[in-house]
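Descriptive analysis of the structure
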Amino acid sequence: MLLRQISLISCLILASLNLNATAKTQQLTAAVASPDQYGAQVAAEILRQGGNAVDAAVATAFTLAVTYPEAGNLGGGGFLTLWFNGKAYFLDYRETAPARAHRDMYLNAEGEVIENLSLIGHQASGVPGTVMGMWQLHQLFGSKSWPELLAPAIQLAEQGFIVPDKAYLYEGDMLQRFAGKTNFVAYFGKMQPGERFVQAELAATLKRLAAEGPSDFYQGKTAELIVAEMQRGGGLISMADLAAYQAVWRTPLVTRWRDRQLITAPPPSSGGIALQQLLTLKELNQQHFQDVAHNSAQYVHLMAEIAKRVFADRADYLGDPAFTEVPSQKLLAPDYLARRAQEINPKAISATETIKPGLESEQTTHFSIVDHAGNAVSNTYTLNLDYGSGVVVSGAGFLLNNEMDDFSAKPGVPNAFGVVGSDANAIAPGKRMLSSMTPTIVLKDNQPELVIGTPGGSTIFTSIFQVINNLYDFNMTAEQAVAAPRFHHQLLPKDQIRMESVQALAEPVQAELTARGYSLHTPNWDLGDIQLILLNQDGTQAVSDPRGRGATRLIAASPSQP
């Protein structure tokens, strides 16, 4: 079955996007930007040993499943944007709704959303895609053996890793959040900063995956353990759901931006369309941004005016293209964006009630990798919120996602990130839930110039948008662009600007925004954890967001490498 799937995938790859580029022949300094030091070190070692960007990505993904349990995963899913040998690819290994899922599964008898049912416990989980995604990626582009790439993760699970001391990633309320509702405390209750944490069951699972590939996870012993866990807690995932799962190779969204090409995520991610809309609407309103200071009240206001229109479109039009017609071309059409750009009010807040879709009719993780040949991987994957559903697969040692919350449990009712959706993102068996993940590669002269991505739920594409502006419009260094304070507006809650507690907007700016009619909100989490690689005249630069515990590595090409 797997061989038949790979054959089909290979046919799809033949139809992938070719931007008529030739990979650089000179050896580059390879680079890694990872959300933690273990992922960075493993990727760097794979690259030093002659592995390519895909090899390093697979090894990093499995490593983070051990050392970054709040988001790194076996039990989740994600998206990957790839530039390999002069061609662009996009891999969708997003979770899917189980066959027994249905539109109103999170509503009570009165038709109201049942609190936390889509967030905590067994019914919150979609069918995981990470293992199949990494396997299909490796089968087509990997150069090192599958067992070799899983070996570092196995060692870290078996021998343990030192738990970091970034307290916000290990909030005490995580134990309270899941206590008495899932088996989370039994598995992670003893995880303490500065101490070694061993995961024997997870090591055994990884050993099976190394030996048997995805057949273990989707048809073998691990599949049986997942289904047994579902049955214990009234979950929906069945053996048939697991056996039917496939990752999907899609045509990436490729657009022109200034004198560059933007390669990013197509639906079922909203991120690529939203990012391109944000960039274009800002360009079309350049006269309003003239001489406006970075992160001034006027700058924040203009960015909010743009963002609220993008989120209005997101809510009504975007979903899984296998279930709903996504009008991607119309949403990015020059005449449509020109009309939307004219709606921006540079002086006052546009009334939320008047912001309609324009057409007629909290924890993820990301890493970026560039190898010595100029191949690039931008990968974002997730359990959704920190530690997903809080359900650990007993006997297998890994957490399951709570991605079902990314569907619209009820049209117009916000999810955990406060965003609303419509029928386009309603629950249906086998459907992929809408996402904001936006793994992105920017090309200049048909070569990677920027590899970027971040976690952050609905703040993902607005965070990437701001960092790109910082780099290209304000000429910040890569470090400055990533570290600068970020903010977020998403149409609803009405006239609300989210900002960070540590990297807050300046107090005079806050006062002016309040005077204009905005309400300011500081969530208990930072806006993103950018992992960025920039390749320009200054060489290769890798930056991990100071908000997180990330690490970077630069790997010089050795004379022996071809």
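Residues numbered from 1 in each chain as written. Predicted model: local features only at pLDDT ≥ 70, side-chain atom pairs only at ≥ 80, totals over all residues. Heavy atoms only, no water.

1. Some details on the overall build of the protein
The helix and strand tally for the protein stands at 19 helices and 19 strands. Taken across its 562 residues, the protein has 64% of its residues classed as buried. Summing over all exposed atoms, the protein offers an accessible surface of approximately 19,700 Å²; the carbon and sulfur share of this is 52%. (Helix = DSSP H or I, 4+ residues; strand = E, 2+ residues; numbered from the N terminus. Buried < 20%, exposed > 50% of the residue type's maximum accessible area, 1.4 Å probe, protein only. Areas by Shrake-Rupley, 256 points an atom, 1.4 Å probe, with all protein chains shown as cover.)

2. Remarks on the UniProt feature "active site" (unreviewed entry) in the protein
In this numbering, the UniProt entry assigns the feature "active site" (unreviewed entry) to Thr364. Mapped onto the elements of the fold, Thr364 is located in strand β10 (residues 363-370). Judged by its relative accessible area of 5%, Thr364 falls in the buried class. Once residues within four sequence positions are removed from consideration, Thr364 is found in contact with Ala71, Thr380, Tyr381, Thr382, Asn384, Met437, Pro455 and Gly456. (UniProt positions renumbered as here; feature names shortened; annotations may be inferred. Contact = heavy atoms within 4.5 Å.)

3. Description of the sheet that holds strand β17 (residues 531-536)
The six strands lie next to each other as β8-β9-β12-β13-β17-β18, forming an open sheet whose pairing is antiparallel. Each edge of the open sheet carries a strand with a single partner, namely β8 (253-257) and β18 (539-544). Looking at each pair of strands side by side, their axes are set apart by 20 degrees on average, direction ignored. Across the sheet, helix α12 (residues 271-284) is in contact with β8, β9 (260-264) and β12 (440-444); its angle to β8 comes to roughly 10 degrees. The strands touched by helix α17 (residues 460-472) are β8, β9, β12, β13 (447-453) and β17; relative to β13, the strand with the most contacts, the crossing angle is about 135 degrees. (Pairing = 2+ DSSP bridges. Axes fitted to C-alpha atoms, helices over the stretch in contact; angles between N-to-C directions.)

4. A short note on unusual backbone geometry
Trans is the common state for peptide bonds, and a negative phi is the common state for residues other than glycine. A cis amide bond links Pro267 to the next residue, Pro268, at an omega of 20 degrees. In this structure, Leu491 is a non-glycine residue whose phi angle is positive, near 75 degrees. Mapped onto the elements of the fold, Leu491 is located in the loop between β14 (487-488) and β15 (496-499). Since its relative accessible area comes to 11%, Leu491 is described here as buried.

5. What about the packing of aromatic side chains?
Remark: the centre distance and the inter-plane angle together describe each pair of aromatic rings, the angle taken between the planes. Taken as a whole and assessed by the stated rule, the structure comprises 23 aromatic pairs. Between Phe62 and Trp146, the ring centres sit 5.5 Å apart and the planes meet at 85 degrees, which makes this aromatic pair edge-to-face. Here Trp146 lies in helix α5 (residues 146-159) and Phe62 lies in helix α3 (residues 53-67), a separation of 84 residues in the sequence. The class of Trp146 is buried, set by a relative accessible area of 5%. Here the aromatic cluster, defined as three or more aromatic residues joined through ring pairs, consists of Tyr38, Phe161, Phe178, Phe184, Phe188, Phe197 and Tyr387. Across from the ring centre of Phe289, 4.6 Å away, lies the NZ or CZ of Lys282, which sits over that ring. (Phe/Tyr/Trp six-rings, centres within 6.5 Å; stacked < 30°, edge-to-face > 60°. Lys NZ or Arg CZ within 6 Å of the ring centre and 35° of its normal.)

6. A closer look at the sheet that holds β14
With mixed pairing, the three strands of this open sheet are ordered in space as β14-β15-β16. Strand pairing shows two members of the sheet lacking a second neighbour, β14 and β16 (519-521), which therefore form its edges. Direction of pairing for β14 relative to β15: antiparallel, over a ladder of two bridges. Counted as the bridge partner of Phe487 is Met499 from β15.

7. Some thoughts on the nonpolar core
In terms of nonpolar packing, the biggest core is built from 86 residues, with Phe62, Leu74, Leu137, Leu206 and Ile369 touching the most fellow members. Setting aside residues no more than four positions away along its own chain, Leu74 makes contact with Phe62, Ala65, Pro128, Thr130, Val131, Leu202, Thr205, Leu206, Leu209, Phe217 and Phe398. Counting residues in each nonpolar core, the second largest holds 67 residues, with Ala304, Ala341, Ile452 and Met476 among its members. (Core = buried A, V, L, I, M, F, W, Y, C linked by side-chain atoms within 4.5 Å.)

8. With respect to helix α2 (residues 37-48)
For α2, with 12 residues, the first-to-last C-alpha span of 16 Å sits near the 16 Å given by 1.5 Å per residue. All of the buried residues in α2 are Tyr38, Gly39, Ala40, Val42, Ala43, Ala44, Ile46 and Leu47. In this fold, the buried residues of α2 make contact with β2 (30-34), α3, α5, β5 (161-162), β10 and β19 (551-555). Between the side-chain oxygen of the N-cap and the backbone nitrogen of Tyr38 there are 3.1 Å, and the N-cap of α2 in question is Asp36. Two residues or fewer past α2, Gly50 is found with a positive phi of approximately 95 degrees. (Expected span 1.5 Å × (residues − 1). Polar contact = N/O pair within 3.5 Å; in protein donor to acceptor, adjacent residues only side chain to side chain.)

9. Overview of the side chain of Thr438
Here Thr438 is to be found in the loop between β11 (376-384) and β12. Among the residues examined, Thr438 registers a relative accessible area of 0% and is labelled buried. Within the structure, the side chain of Thr438 is placed 2.7 Å from the backbone oxygen of Ser436, a separation counted as a polar contact. Not counting chain neighbours up to four residues away, the residues in contact with Thr438 comprise Thr264, Ala265, Gly271, Gly272, Leu275, Ile452, Gly453, Ile460, Phe461 and Ile464.

10. Thoughts on α3
When the terminal C-alpha atoms of α3 are compared, their 20 Å separation across 15 residues agrees well with the 21 Å that a helix rising 1.5 Å per residue should span. A large share of α3 lies buried, amounting to 15 of its 15 residues. One side-chain oxygen at the N-terminal end of α3 lies 3.0 Å from the backbone nitrogen of Val54; it belongs to Asn52.

11. So, the pattern of salt bridges
Scanning all chains against the criterion turns up 27 salt bridges. When the shortest N-O distance is used, the salt bridge between Lys144 and Glu148 registers 3.4 Å. Two residues, Arg260 and Glu449, come together in a salt bridge whose shortest N-O distance is 2.5 Å. The same class applies to Arg260 as to Glu449, namely buried. Counted as one network, the salt bridges with shared partners bring together Glu305, Lys308, Arg309, Asp313, Arg340, Glu343, Lys494 and Asp495. (Salt bridge = Lys/Arg side-chain N within 4 Å of Asp/Glu carboxyl O.)

12. Notes on the environment of Leu91
Along the chain, Leu91 turns up in strand β4 (residues 87-93). With 160 residues separating them in the primary sequence, Leu91 and Thr251 have C-alpha atoms 8.7 Å apart. For Leu91, the contacting residues outside a window of four places in its chain are Gly78, Phe79, Leu80, Gly133, Gln136, Leu137, Ala247, Val248 and Trp249.

13. Quick look at the environment of Asn425
Here Asn425 is to be found in the loop between β11 and β12. Note: C-alpha distance between Asn425 and Phe407 (18 residues apart in sequence) is 5.5 Å. With residues near it in sequence (within four places) discarded, Asn425 still touches Leu318, Asp406, Phe407, Ser408, Lys431, Met433 and Leu434. Only 2.7 Å separates the side chain of Asn425 from the backbone oxygen of Asp406, close enough to count as a polar contact.

14. A few points about the packing of α12 against α17
Put simply, α12 and α17 touch, their axes get as near as 9 Å, and they point 40 degrees apart. As summarised for this structure, α12 and α17 are arranged oblique, according to the angle between their axes. The handedness of the crossing between α12 and α17 is right-handed. For the pair formed by α12 and α17, the contact residues are Gly271, Ala274, Leu275, Leu278, Leu279 and Lys282 on the first element and Phe461, Thr462, Ile464, Phe465, Ile468 and Asn469 on the second. Class assignment for the residues of the contact of α12 with α17 results in eight nonpolar, three polar and one charged. (Parallel < 35°, antiparallel > 145°, perpendicular 65-115°, else oblique. Left-handed = near helix turned anticlockwise from the far one by under 90°. Nonpolar A, V, L, I, M, F, W, Y, C, P; charged D, E, K, R; others polar.)

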